[in-house]
Amino acid sequence: MSLKVVIPSPLRKFTAGAETVEVQAATVQEVLDNLDSKYPGFRASVCDESGGLRRFINIYLDGEDVRFLENLATRVNDGAEIAIVPAISGG
Amino acid sequence: MSFVKGLQCRECGREYPVKLLAGCEHCFGPLEADYHYEAIAKKLTRDALSSRPKTIWKYRELLPLESEPKIGLATGGTPLVRADRLGRKLGIDNLYLKNDSVNSPTLSFKDRVTAVAINKALEFKLEAVGCASTGNLANSVAANAAAAGLPSFILIPHDLEASKIAATQIYGSRLITVKGNYDAVNRLCSQIVDRYPWGFVNVNLRPFYAEGSKTIGYEIAEQLSWHAPDAIVIPMAGGAMLSKVYKGLKELQRLGLISETERTRFYGAQAAGCNPIVDAVRRGTRDIRPVKPNTIAKSLAIGNPADGYYAASLIPQSGGWAEDCTDDEIVAGIQLLAETEGIFTETAGGVTVAVAQKLVKQGRIKPKDLTVLAITGNGLKTLEALDLAPPQVIEPKLAAFEKIFGGAYHVA
């Protein structure tokens, strides 16, 4: 599956400034794995030591928070958009 | 003159200079302003404070501004009201209300945070400001941006109350309603801030913005003649206010303004239709499971609370608890507060009153506890939540009046 990943500015240091990158993956976990092999150090910024998503990072698949789906095990379809978005405060 | 040391990540401890920044660039944790407390302690004495005007700026050494504030000069200093009539209904002998429903300029506690954030935007010489909001923040950013002469971009969920929409538009802000809930609005704002050089108060101005909430804690302690309450009930949306009031009281202890031995139990209140922090506290964890909000308490309808982790940590640590209430209980809470104390609060205030009632019934708040309820917003903004019977219509004749009310009272 080929899909688009939207990279927030704090992570663009890994992607040479690119706002979006294309990856091949079947699950959200694979998206992160593949981004990490392409951009070493990427995963450590997004995941904690146990491999789970960091507390202040949200990942959206086509606009839906993956925690409402199956977290990192969520399957992704061809052409889907993954957005990695830092949490922001209440309002 | 500023007493700010810098910003520090609450998660990994990394330090940053004062700049426009949404969160830690390493782990995305929220950033906290840190201060030179020893220098502040010399200046901020009870005597010095007693002679300053009653606004948030009397505590300005503990707020992250470099220069004198230019807008929001009347913000804060809201009444702490002794509430014996409500106390009798709830079963609390020693009850007070921190009444931010009369805050300036837009009648909610958000005036405290935007006063700090918009002044900070002026210091950073930003060309525009904005926010993601469930309503009260929208009103307050719009008003303070207008006063500062800055254009504002304000994004809200499409289904907010009419008066919260009108009371944002009137200031000439660019109001955008988004198809989706607050969490969707949040996500969009995070991406807007990534692309445009603007200051969004709860995104890249967040480290400064959030500090404004501490002033609720400062004011309550000073109004109680430099005592911390035994119990405080605070409504929770993102959860930031609760942890900032906690920080505020801790700072007063550190500065020697209140005794080290006083302990406040923090109680968090949410609507049952959006209770992710209450749910975490009940499960005995700090890990928040996000929810899809469905409640009339729209100002609290944040399903993925960014500061929920901290609220869910602090509440049990302080010896407190978190509870929720139904929409019917919210309306009953609004009514009870209005009928007993003459204070008309919005849905979030109804949540606070209804939850306080439960906490007393559960025995968590004891009758003798010096208890403060944080009433954070004004009832005129959420009229849609109420279902009041239409008033009686009569002819302008005494007989018509007496037909209905005659005999109800003895007239001397």
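Below: a short report on this structure. Source: prediction; values computed, not measured.

1. What about the overall build of chain B?
Logical step 1: Each helix and strand in chain B was counted, giving 15 helices and 13 strands.
Logical step 2: Computed over the C-alpha atoms, the radius of gyration of chain B is 21 Å, within 12% of the 22 Å expected from 2.2 N^0.38 for a compact globule of 412 residues.
Logical step 3: Dimensions of chain B, computed from C-alpha atoms along their principal axes, come out at roughly 75 × 50 × 45 Å.
Logical step 4: Relative to its full complement of 412 residues, chain B shows a buried share of 55%.
Logical step 5: Restricting the contact set of chain B to residue pairs at least 6 apart, pairs at least 24 apart contribute 70%.

2. A few points about the overall build of chain A
Logical step 1: Counting secondary structure elements, chain A contains 2 helices and 5 strands.
Logical step 2: Against the compact-globule benchmark of 12 Å for 91 residues, chain A has a radius of gyration of 12 Å, which places it among compact chains.
Logical step 3: Here the C-alpha coordinates of chain A stretch approximately 35 × 30 × 25 Å along the principal axes.
Logical step 4: Taking all 91 residues of chain A together, 37% fall into the buried category.
Logical step 5: Relative to all contacts within chain A whose residues are 6 or more apart in sequence, the contacts with residues 24 or more apart total 53%.

3. Comments concerning the packing of helix H11 (residues 276–283) of chain B against helix H12 (residues 308–317) of chain B
All names here are of chain B.
Logical step 1: Running from amino to carboxyl end, H11 crosses H12 at an angle of 45°, the nearest separation of the two axes being 9 Å. Taken together, the axes of H11 and H12 lie oblique to each other. The hand of the H11/H12 crossing is right-handed. For the pair H11 and H12, the contacting residues are Pro 276, Ile 277, Ala 280 and Val 281 in the first and Gly 308, Ala 311, Ala 312, Ile 315 and Pro 316 in the second.
Logical step 2: The residue inventory of the contact of H11 with H12, partitioned by class, reads 8 nonpolar, 1 polar and no charged.

4. Some remarks on the interface of chain A and chain B
Where the parts come together, the accessible area they lose is often given as the size of the interface.
Logical step 1: Counting residues at the interface gives 20 residues for chain A and 33 residues for chain B.
Logical step 2: Mapped by element, the contributors of at least two residues to the side of chain A that touches chain B are strand E3 (57–61) and strand E5 (81–86) of chain A.
Logical step 3: Considered class by class, the residues forming the side of chain A that touches chain B number 11 nonpolar, 5 polar and 4 charged.

5. Some remarks on the packing of helix H4 (residues 110–123) of chain B against helix H5 (residues 136–148) of chain B
All names here are of chain B.
Logical step 1: H5 packs onto H4 with a crossing angle of 40° between their chain directions and a minimal axis gap of 9 Å. With respect to H5, the axis of H4 lies oblique. Between H4 and H5 lies a crossing whose hand is right-handed. Between H4 and H5, the contacting residues are Lys 110, Asp 111, Thr 114, Ala 115, Ile 118 and Leu 122 on the first element and Asn 136, Leu 137, Ser 140, Val 141, Asn 144, Ala 145 and Ala 148 on the second.
Logical step 2: Considered class by class, the residues forming the contact of H4 with H5 number 7 nonpolar, 4 polar and 2 charged.

6. Examining the nonpolar core
Nonpolar side chains in soluble globular proteins tend to end up buried together.
Residue and element names in this part refer to chain B.
Logical step 1: With 147 residues, the main nonpolar core has Val 233, Ile 234, Leu 300 and Val 351 as its most contacted residues.
Logical step 2: A per-element tally of this core places helix H14 (residues 347–361) first, with 8 residues.
Logical step 3: Aside from chain neighbours lying at most four places away, what touches Val 233 is Tyr 267, Ala 269, Thr 352, Val 355, Ala 356, Leu 359, Leu 373 and Ala 374.

7. Quick notes on H14 of chain B
Residue and element names in this part refer to chain B.
Logical step 1: Taking 1.5 Å as the rise per residue, H14 with 15 residues should run 21 Å; its terminal C-alpha atoms sit 21 Å apart, in good agreement.
Logical step 2: For H14, the tally of buried residues reaches 13 of 15 residues, placing the bulk of the element in the interior.
Logical step 3: With its phi angle positive at about 80°, Gly 363 sits one or two positions after the end of H14.

8. What about the environment of Leu 188 of chain B?
Logical step 1: With respect to the helices and strands, the residue Leu 188 of chain B is situated in helix H7 (residues 182–195).
Logical step 2: With sequence-adjacent residues up to four places away left out, Leu 188 of chain B is seen in contact with Leu 155 and Val 178 of chain B.

9. Regarding the environment of Lys 5 of chain B
Residue and element names in this part refer to chain B.
Logical step 1: Within the element layout of this structure, Lys 5 appears in strand E1 (residues 4–9).
Logical step 2: C-beta crowding within 10 Å serves as the criterion here: with 14 such atoms nearby, Lys 5 is assigned to the partly exposed category.
Logical step 3: Distance from Lys 5 to Gln 191, taken between C-alpha atoms, is 29 Å for residues 186 residues apart in sequence.
Logical step 4: When sequence neighbours within four positions are dropped, the list of residues in contact with Lys 5 reads Asp 34, Tyr 35 and His 36.

10. Quick notes on H11 of chain B
Residues and elements named next belong to chain B.
Logical step 1: Residues Pro 276, Ile 277, Val 278, Ala 280 and Val 281 constitute the buried set of H11.
Logical step 2: Looking at the buried positions of H11, the neighbouring elements they touch are strand E11 (265–271), H12 and strand E12 (321–325).
Logical step 3: Once H11 finishes, Gly 284 follows within two positions and takes phi at roughly 75°, a positive value.

11. Quick word on the sheet that holds strand E6 (residues 129–132) of chain B
All names here are of chain B.
Logical step 1: With respect to topology, 4 strands assemble into an open sheet ordered E8-E7-E6-E9, the strand pairing being parallel. Whereas interior strands pair on both sides, the edge strands pair on one side only; in this sheet they are strand E8 (174–178) and strand E9 (199–200).
Logical step 2: The sheet strands contacting H5 are E6 and strand E7 (152–157), and the helix crosses E7 at an angle near 170°.

12. So, unusual backbone geometry
Logical step 1: Residue Pro 105 of chain B is bonded to the preceding Ser 104 of chain B through a cis peptide linkage, with omega at 5°.
Logical step 2: By the element assignment, Pro 105 of chain B lies in the loop between strand E5 (94–99) and H4.
Logical step 3: Unlike most non-glycine residues, Asp 62 of chain A shows phi in positive territory, near 45°.
Logical step 4: Topologically, Asp 62 of chain A is positioned in the loop between E3 and strand E4 (64–65).
Logical step 5: One non-glycine residue with positive phi stands out, namely Phe 28 of chain B, at about 70°.
Logical step 6: Relative to the elements of secondary structure, Phe 28 of chain B occurs in the loop between strand E2 (15–16) and strand E3 (31–35).
Logical step 7: What makes Phe 28 of chain B buried here is the crowd of 25 C-beta atoms within 10 Å.

Procedures and definitions
- All residue numbers refer to positions counted from 1 along the written sequence of the respective chain.
- Going through the entries in the order they are written, you letter the chains from A and number the ligands from 1.
- Reporting of local features is limited, given that this is a predicted model, to residues whose pLDDT is at least 70; pairs of side-chain atoms are given and counted only at 80 or more, and all residues count toward the totals for whole chains, interfaces and linings.
- Comment: elements are numbered from the N terminus, with helices defined as DSSP H or I runs of at least four residues and strands as E runs of at least two.
- With C-alpha atoms as the basis for the radius of gyration, the globule rule is written as 2.2 Å multiplied by the number of residues raised to the power 0.38.
- Counting other C-beta atoms within 10 Å of a residue's own tells you its class, since 20 or more makes it buried, 12 or fewer makes it exposed, and anything in between is partly exposed; those C-beta atoms are placed from the backbone.
- By the convention adopted here, residues are in contact when the distance between their C-beta atoms, placed from the backbone, does not exceed 7 Å.
- Simply put, an axis is a line fit to the C-alpha atoms, just over the touching stretch for a helix, and the angle between two N-to-C directions goes from 0 to 180 degrees.
- Each angle receives one of four descriptions, namely roughly parallel if under 35 degrees, roughly antiparallel if over 145, roughly perpendicular if within 65 to 115, and oblique otherwise.
- Working rule for handedness: look at the near helix, and if it is turned counterclockwise from the far one by less than a right angle, call the crossing left-handed; if clockwise, right-handed.
- As a working rule, the residues Ala, Val, Leu, Ile, Met, Phe, Trp, Tyr, Cys and Pro are called nonpolar, Asp, Glu, Lys and Arg charged, and the rest polar, with Gly in that last group.
- For the purposes of this analysis, a nonpolar core is taken to be any set of buried Ala, Val, Leu, Ile, Met, Phe, Trp, Tyr and Cys residues that are connected through C-beta atoms within 7 Å.
- Given a helix with a known number of residues, its expected span is that number minus one, times 1.5 Å.
- Criterion used throughout: strands pair if DSSP finds at least two bridges between them.

By themselves, these are just geometric observations and shouldn't be taken as functional.
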